[in-house]
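Structure at a glance
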Amino acid sequence: ACLRCTRTFTMTRRKHHCRYCGNVFCADCTPARLALPAHFALASPQRVCVECAVPIGAMWKAYEAHMMTAQFYVRGTSARFECGLPEIGSRAITEKVYCALRGQAGDALLMSQVVATKCCFNLAAESKKAAFESLVERLARHPFIGAGRTLVEYNRDKDVVVVIDTYAPRGSIKDRIYKVRDAASANYTAKYGTPARPARGAAALSLRQTLMFSRCVLEALHFLRQCRVPVLHLHSGNVLVAPDNDMKAVLSADVVADVVVGVAPRNPLVFQGHELHTLEVVQFAYLLFEMVFAKEREPEVALADYRSELPSAEHAPLYDVMARALRGERVVVTGANTGIGLEMAHVLALRDAADVVMACRSMQRCEAAKRALLA
């Protein structure tokens, strides 16, 4: 029966899935056809139920409002507004809004807007805003942070942080891995796939490229630590290939701006079981993994399961770097005193890839299983 009106399905009253929530409804309860966010990988308008149509419609209205804000904001600068870019980024529209600008000299610019509701700076106060701008200016001078001219400002009227950065014509490391020529050309998932099902055509970077990009990223991370700036948004999409050097990588301004504004990490599972001071190292290991294996690592899968997929014997030292960086991951195994749970705890402990937490109903049985594993 339809989940909303409870009418029974028949030969004439057919089942229809809402493409947003996935539940089953009749045709009368799924009248809307709306475009979905980028991570759904569905370009055309899709059938959605009455309940889901409300938040989706509100999301697109907010997007249009952000586009109007961008156009009004750009009027006060030397740049010219060109178009919105709803396909860039895995969280475009839902958390961030991107648009393309053209500079006075004809150079391509990328503008992003993020609502500053969780900003760690009180940007409404002039002193805090000045401190924030001073930090951004200092970071932008580093050779491996920012693709070129970077501007980060606070729009007090709309409570959004505006980031304008030089558009990187060579794309990001993710674009290199997945052979994407234009980051704004298609839906995010269609271009890059998912961790479980990477897009076709993906290929690992050469060993030389991997080493050169890694060196640039590590130097940038070291500088950010010296500036006491936490890094929570390091991934292949936020590391850009320098416009003037095919072997040089620079961190996007989003790496810093997202932390300041309070954007949630793209994959919180990456951070589980790690101390705060090691998060940069863990994120670098995930970035290195994607460059070597040409796909995102699934946090639930042990690193040892991927060793047989190394492109060549020359990449073995890079695997050892990843293993050292990720050592200390914490995995909770339920029902670990018997059966499949006990076997899983045994396998994980043997691999030395994670700290194993055994969750059992009986402490006595849990201790007995622990002694058996240690023996």
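Thresholds, definitions, all that
- Residues numbered from 1 in each chain as written.
- Predicted model: local features only at pLDDT ≥ 70, side-chain atom pairs only at ≥ 80, totals over all residues.
- Heavy atoms only, no water.
- Helix = DSSP H or I, 4+ residues; strand = E, 2+ residues; numbered from the N terminus.
- Buried < 20%, exposed > 50% of the residue type's maximum accessible area, 1.4 Å probe, protein only.
- Contact = heavy atoms within 4.5 Å.
- Areas by Shrake-Rupley, 256 points an atom, 1.4 Å probe, with all protein chains shown as cover.
- Salt bridge = Lys/Arg side-chain N within 4 Å of Asp/Glu carboxyl O.
- Axes fitted to C-alpha atoms, helices over the stretch in contact; angles between N-to-C directions.
- Parallel < 35°, antiparallel > 145°, perpendicular 65-115°, else oblique.
- Left-handed = near helix turned anticlockwise from the far one by under 90°.
- Nonpolar A, V, L, I, M, F, W, Y, C, P; charged D, E, K, R; others polar.
- Core = buried A, V, L, I, M, F, W, Y, C linked by side-chain atoms within 4.5 Å.
- Phe/Tyr/Trp six-rings, centres within 6.5 Å; stacked < 30°, edge-to-face > 60°.

Glancing now at the overall build of the chain. A count of helices and strands for the chain gives 10 helices and 13 strands. For the chain, the residues scored as buried account for 45% of the 375 residues in total. Pairs at least 24 apart in sequence give 58% of the contacts found in the chain among residues at least 6 apart. As displayed, the chain offers around 19500 Å² of accessible surface, 53% of which is attributable to carbon and sulfur atoms.

Going through the model one piece at a time under the given rule, you end up with 11 salt bridges. The shortest N-O distance in the salt bridge between Lys 174 and Glu 290 comes to 2.9 Å. Here Glu 290 lies in helix H7 (residues 279–293) and Lys 174 lies in helix H3 (residues 173–177), a separation of 116 residues in the sequence. With respect to burial, Lys 174 and Glu 290 carry one shared label: buried.

Our next topic: the packing of helix H5 (residues 207–226) against H7. Viewed as axis vectors pointing N to C, H5 and H7 meet at an angle of 165°, and their least axial separation amounts to 11 Å. In terms of their interaxial angle, H5 and H7 are classed as roughly antiparallel. With respect to the hand of their crossing, H5 and H7 are arranged in right-handed fashion. On H7, the residues that touch Thr 210, Phe 213, Ser 214, Val 217, Leu 218, Leu 221 and Arg 225 of H5 are Glu 280, Phe 284, Leu 287, Leu 288, Met 291 and Val 292. Of the residues contributing to the contact of H5 with H7, the split by class is 9 nonpolar, 2 polar and 2 charged.

The tendency in soluble globular proteins is for nonpolar side chains to be buried as a group. Counting 48 residues, the largest nonpolar core has Leu 139 and Leu 234 as the members making the most contacts within it. By residue number, the principal contributor to this core is H7, which donates 10 residues. Every residue in contact with Leu 139, bar those within four places of it in the chain, is listed here: Ile 145, Phe 223, Leu 224, Cys 227, Val 229 and Val 256. Core analysis: the next-biggest nonpolar cluster, separate from the first, contains 14 residues, Ala 70, Tyr 73, Val 97 and Met 111 among them.

A word on unusual backbone geometry. The backbone phi angle of Lys 179 is positive, close to 55°, even though this residue is not glycine. With respect to the helices and strands, Lys 179 occurs in the loop between H3 and helix H4 (188–192). Residue Lys 179 is classed as exposed on the basis of its relative accessible area, which comes to 53%. Positive phi outside glycine occurs at Ala 294, with the angle close to 60°. Within the secondary structure, Ala 294 sits in the loop between H7 and helix H8 (316–326).

Here we take up the packing of H7 against H8. Between H7 and H8, the least distance of the axes is 9 Å, while the angle of their chain directions is 150°. Relative to H8, H7 is oriented roughly antiparallel. As for the relative orientation of H7 and H8, their crossing is left-handed in sense. On H8, the residues touching Val 281, Val 282, Ala 285, Tyr 286, Leu 288, Phe 289, Val 292 and Phe 293 of H7 are Leu 318, Tyr 319, Val 321, Met 322, Ala 325 and Leu 326. Each residue belonging to the contact of H7 with H8 can be placed in one class, and the counts come to 14 nonpolar, no polar and no charged.

Our focus in this paragraph is the packing of aromatic side chains. Applying the stated criterion across every chain yields a total of 4 aromatic pairs. Summarising the aromatic geometry, the rings of Phe 289 and Tyr 306 are spaced 4.7 Å apart at their centres and angled 75° between planes, so their arrangement reads as edge-to-face. Placement of the pair is Phe 289 in helix H7 and Tyr 306 in the loop between H7 and H8, with a sequence separation of 17 residues. Each member of the pair Phe 289 and Tyr 306 is classed as buried.

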